[in-house]
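Read off the chains here:
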Amino acid sequence: RAAAGRLAGVTVVGRADPRPHLADAHALLHTAEWEGLPRVVLEAAAVGRPALGYDVKGVSDAPGALVAGRPGETRGLADLVARWWAGEVETPAVDRASLDWHRAHDAVTGLLGSVLAPPRG
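Please read these numbers as outputs of a predicted model, since none were measured by experiment. (Residues numbered from 1 in each chain as written. Predicted model: local features only at pLDDT ≥ 70, side-chain atom pairs only at ≥ 80, totals over all residues. Heavy atoms only, no water.)

**Student:** Tell me about the environment of Thr91, and please be specific about residues and values.
**Tutor:** Position of Thr91 relative to the elements: it lies in the loop between helix H3 (74-85) and helix H4 (101-115). A C-alpha to C-alpha distance of 9.1 Å links Thr91 and Arg49, two positions 42 residues apart in sequence. Those residues in contact with Thr91, other than ones at most four positions away along the chain, are Pro50, Gly64, Leu66 and Trp84. For Thr91, the side chain forms a polar contact with the side chain of Trp84, separated by 2.8 Å. (Helix = DSSP H or I, 4+ residues; strand = E, 2+ residues; numbered from the N terminus. Contact = heavy atoms within 4.5 Å. Polar contact = N/O pair within 3.5 Å; in protein donor to acceptor, adjacent residues only side chain to side chain.)

Quick look at the structure:
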């Protein structure tokens with residue numbers, strides 16, 4: 001049974017590696033009503049694909065994301081997609097190297113090492 005405005009009969013079971021799908025895509029269309037940490041948007045940016053979605057927490061803060069309208073305002077989102085496809089909206093530049101988890105790991109490890117270092121003396 002579908003909620004109002006949603007498709008019935010769509011089921012996703014398990015997990016799938018997003019990389020082949022993103023490699024074949026022009027962009028990622030993210031339609032969540034709320035998102036805390038949009039990993040799929042970060043994955044899209046990491047492989048050089050823009051993400052387009054509603055102006056919601058998480059998506060609007062993600063690198064390389066283009067946002068328009070509040071959740072459910074499909075006309076605004078569709079207009080954004082059409083303008084992006086026509087080249088009227090530029091995809092924000094993303095420093096893809098900054099999305100490398102090794103870099104974050106090294107920074108956190110360094111910080112913890114400096115905070116947890118035994119006192120001298």
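**Student:** An account of the pattern of salt bridges is needed here, citing residue identities and associated values.
**Tutor:** Tallied over the entire structure, the rule returns three salt bridges. A salt bridge links Asp17 to Arg19; the nearest nitrogen and oxygen atoms lie 2.7 Å apart. Among the salt bridges present, the one from Arg83 reaches Asp79, with a minimum N-O distance of 3.0 Å. Here Asp79 and Arg83 lie together in helix H3, a separation of four residues that amounts to about one turn. What makes Asp79 partly exposed here is its relative accessible area of 39%. (Salt bridge = Lys/Arg side-chain N within 4 Å of Asp/Glu carboxyl O. Buried < 20%, exposed > 50% of the residue type's maximum accessible area, 1.4 Å probe, protein only.)

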